[in-house]
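Observations on the three-dimensional arrangement
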Amino acid sequence: GYIAAPWSIVFIPMYLWDVIALRRKIMLMRIVIVNHEELELAIGKKIGECTAAEREDIHRRYIVVPTKSGPLYDAACRLRDEAKMDIIRILARVTFTVLLVLNLD
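Residues numbered from 1 in each chain as written. Predicted model: local features only at pLDDT ≥ 70, side-chain atom pairs only at ≥ 80, totals over all residues. Heavy atoms only, no water.

This part covers the overall build of the chain. When helices and strands are counted, the chain shows five helices and two strands. Along the chain, helices and strands appear, N-terminal first, in the series α-α-β-α-α-β-α. The globule rule puts the C-alpha radius of gyration for 105 residues at 13 Å, and the 20 Å found for the chain is more than 25% above it. Principal-axis analysis of the C-alpha atoms places the extent of the chain at approximately 60 × 30 × 20 Å. For the chain, the residues scored as buried account for 20% of the 105 residues in total. Residue pairs at least 24 apart in sequence account for 74% of intrachain contacts in the chain once pairs closer than 6 positions are excluded. Across the chain, 15 positive and 13 negative side-chain charges occur, with their mean positions spaced 1 Å apart. (Helix = DSSP H or I, 4+ residues; strand = E, 2+ residues; numbered from the N terminus. Rg over C-alpha atoms; globule rule 2.2 N^0.38 Å. Buried < 20%, exposed > 50% of the residue type's maximum accessible area, 1.4 Å probe, protein only. Contact = heavy atoms within 4.5 Å. Lys, Arg positive; Asp, Glu negative; His and termini not counted. Charge placed at Lys NZ, Arg CZ, Asp CG, Glu CD.)

Below, the structure written as structure tokens:
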């Protein structure tokens, strides 16, 4: 059939999808990789003394690794680096989509 709506409206689900993905990737990119001692120094108390809400906030802001070397640290760095690359991909896709919609309308 024929679509009577403007293309900018048709692409709204894609815009929303990209905004949600971009938000998640930015949060992942901003995460800090620390060991247990650095975490306790950053929050000012031991992990066992934290409330459930504080622990949830810690898990969103930090990745805790046993040491700053080894496979777990490398995996955490890789996760953060992949998030940075995904941000670039999402921004490229958004740019392409905007240019496409401008050309179609």
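Let us look at the side chain of Thr97. Checked against the element boundaries, Thr97 lands in helix 5 (residues 71-104). The exposure class of Thr97 is buried, given its relative accessible area of 3%. Separated by 2.8 Å, the side chain of Thr97 and the backbone oxygen of Arg93 make a polar contact. Sequence-distant contacts of Thr97, defined by excluding residues within four places in its chain, comprise Phe11, Met14 and Tyr15. (Polar contact = N/O pair within 3.5 Å; in protein donor to acceptor, adjacent residues only side chain to side chain.)

Right, let's talk about the side chain of Asn35 for a bit. Examined against the element boundaries, Asn35 turns out to sit in the loop between strand 1 (32-34) and helix 3 (36-43). A residue is classified by how much of its surface remains accessible, and Asn35, at 12% relative accessible area, is buried. At 2.9 Å, the side chain of Asn35 forms a polar contact with the backbone nitrogen of Glu38. For Asn35, the contacting residues outside a window of four places in its chain are Val64, Val65, Pro66 and Lys68.

With respect to the helices and strands, the residue Val32 is situated in strand 1. Val32 sits in the partly exposed class, given a relative accessible area of 37%. Each C-alpha atom of the pair Val32 and Val64 lies 8.5 Å from the other, and the pair is 32 residues apart in sequence. In this structure, Val32 is in contact with Arg61, Tyr62 and Ile63, ignoring residues within four places of it in sequence.

So, on to the pattern of salt bridges. Summed over all chains, the structure comprises nine salt bridges. Residues joined by salt bridges that share partners form a network here, namely Glu56, Asp57, Arg60 and Arg61. (Salt bridge = Lys/Arg side-chain N within 4 Å of Asp/Glu carboxyl O.)

Assignment of secondary structure puts Cys50 in the loop between helix 3 and helix 4 (52-61). The class of Cys50 is buried, set by a relative accessible area of 8%. Taking the C-alpha atoms as reference points, Cys50 and Arg78, separated by 28 residues in sequence, lie 28 Å from one another. Leaving out residues up to four positions away in the same chain, Cys50 has contacts with Ile43, Lys45, Arg55 and Ile58.

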